[in-house]
Amino acid sequence: MKAKIRDEEALLAVSPSALSAYALAAGWSRIETFGEHSDVFAHESFPEIILPRTQELGDYARVVSKLIEIFASVAAIDELSLYQDLVTADRDAIRVRVPGAKQGILSMDDGRELMNGICNMLLAVACSLQNPKPLYRTGANKVASDFLEQVRLGQTEQNSFSVTLLPPAIPPIVQPALDRDWASEDDPLERRIAKRLTEALKATRKATESTVAGNTEAFSQAVSDGVSANLCEALIQLIRPFPTLEISLTWARTRPMKSVRTVHSFYKEESAILSEAARSYRRQEPQQDVRLVGFVKRLTQDRSETEGTITLRSFIDGQMKSVVAVMSQSDYRRAIQAHGDKATVIVEGDLERIGQLWRILNPRIAEVLKIEDGQDDDY
């Protein structure tokens, strides 16, 4: 017995744009209007159909149900599969698939890591749209966070474990482009993020293979394409539990691309290369919002300057290091007092390493702790 789509809420999830995009892609052509809110579409070999232009029709769900029946019959597939095509026809659908999952089942731990990795991957890619960098504070990027909140989970596939992600719908093009892959700043955010995702995954694949071949600069050269420590770490979360993982993008029919679908595969053994790439990226960027506890070892100030430079002795990664910080006038005065009192200071800022030298960017003295009587000072 063939399953039929009867649920009204499910039918209402299919947009008029998705119906039109699917019909046009399948070969139907609009020939005339029908009433105030619909159009007649014809095909030389298929039944004539009437497509609504709005969901405001009182019987919209019934109309969608009938169209699913026709489309499924023409395509010779079941209605559930056809419905899945329709509900994603106006979206750049992202699928993360685990080909080797037995009977499409994962453990709770693996499933949690998969979902966390997916969220982190999308955040990393969205952050790279404006200003590609080796490392991001993803939580501080409102555009990326807002986008992630709008992504929905779609229906899973049979015979493998897969997660379907449905970003907001992509509206049809209202201005013809010279090329179907025409890149425009006027593309909706959802399409720009989808394009960036496939660019970043392609660049990660290329950088991984180039690193194996001995190119030590491969990942540094991939930053402009959206590859970052955040993306590498997200991919590690995704692939580490599985022998292989597949990430694909099926482009919205409402705004077609030359290729209908792009596929990117990654393998468990590549997690070591991605981990090293992430560590390298993080070494290039300042560690943000660091708190260092230490002693003021040296004070330097030019008479013509209002700021002053201090050298702080503090532990970094378990070793005592000297850290340079250019302080504001008020904080520099506090540093002078702390040095004179042999007091402990807590300095906050972004920690940067340049070769063997360490420095704090945007430094501020959060607290000065007076040394207790009788305690030895260790400068």
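For the structure itself, consult the block above.
A brief report on the enclosed structure follows. Note that the structure is a prediction, hence the values are computed from the model and not measured. (Residues numbered from 1 in each chain as written. Predicted model: local features only at pLDDT ≥ 70, side-chain atom pairs only at ≥ 80, totals over all residues. Heavy atoms only, no water.)

### A word on the packing of aromatic side chains
Inference 1: By the definition in use, this model includes four aromatic pairs.
Inference 2: Relative to Phe71, the ring of Tyr22 has its centre 4.8 Å away and its plane inclined at 45°; by these criteria the two rings are tilted. With Tyr22 in helix α2 (residues 16-26) and Phe71 in helix α3 (residues 60-75), the pair connects residues that are 49 residues apart, well separated along the chain. The residues Tyr22 and Phe71 share a single accessibility class, namely buried. (Phe/Tyr/Trp six-rings, centres within 6.5 Å; stacked < 30°, edge-to-face > 60°. Helix = DSSP H or I, 4+ residues; strand = E, 2+ residues; numbered from the N terminus. Buried < 20%, exposed > 50% of the residue type's maximum accessible area, 1.4 Å probe, protein only.)

### With respect to the pairing of strand β11 (residues 319-327)
Two faces, one strand: in a regular strand the side chains alternate between the faces of the sheet.
Inference 1: Taken together, the nine bridges between strand β10 (residues 308-316) and β11 define a ladder with antiparallel strand orientation. Looking across to β11, one finds that Ile316 is bridged to Gln319.
Inference 2: Count of turn residues in the β10/β11 antiparallel hairpin: two residues, of which Asp317 carries a positive phi of about 55°.
Inference 3: As paired strands, β11 and strand β13 (residues 357-369) are joined by three bridges and run parallel to one another. Across the sheet, Val323 pairs through a bridge with Trp358, a residue of β13. (Pairing = 2+ DSSP bridges.)

### Points about the sheet that holds strand β5 (residues 152-153)
Inference 1: Here we have five strands laid out as an open sheet, ordered β5-β6-β4-β7-β8, and antiparallel in their pairing. Across the chains shown, the open sheet's two edge strands, defined by having one partner strand only, are β5 and β8 (261-267).
Inference 2: In this structure, strand β7 (residues 244-250) lies alongside β8, joined through seven bridges in antiparallel fashion. What sits directly across from Ile247, in β8, is His264.

### Observations concerning the pattern of salt bridges
Inference 1: For the structure on display, the rule yields 22 salt bridges.
Inference 2: The closest approach of N and O atoms between Glu69 and Lys66, which form a salt bridge, is 3.9 Å. One end of the pair is Glu69 and the other is Lys66, both in helix α3 and three residues apart, which spans about a single turn.
Inference 3: Across the salt bridge formed by Asp289 and Arg137, the nearest N and O atoms sit 3.0 Å from each other. Of this pair, Asp289 sits in strand β9 (residues 287-300) while Arg137 sits in the loop between α5 (108-127) and α6 (142-150), and the two are 152 residues apart along the sequence.
Inference 4: Judged by relative accessible area, which is 48%, Asp289 ranks as partly exposed.
Inference 5: Residue Arg137 is classed as partly exposed on the basis of its relative accessible area of 44%.
Inference 6: Residues participating in the shared-partner salt-bridge network are Arg30, Asp39 and Arg53. (Salt bridge = Lys/Arg side-chain N within 4 Å of Asp/Glu carboxyl O.)

None of the figures reported here should be taken as evidence of function without further support.
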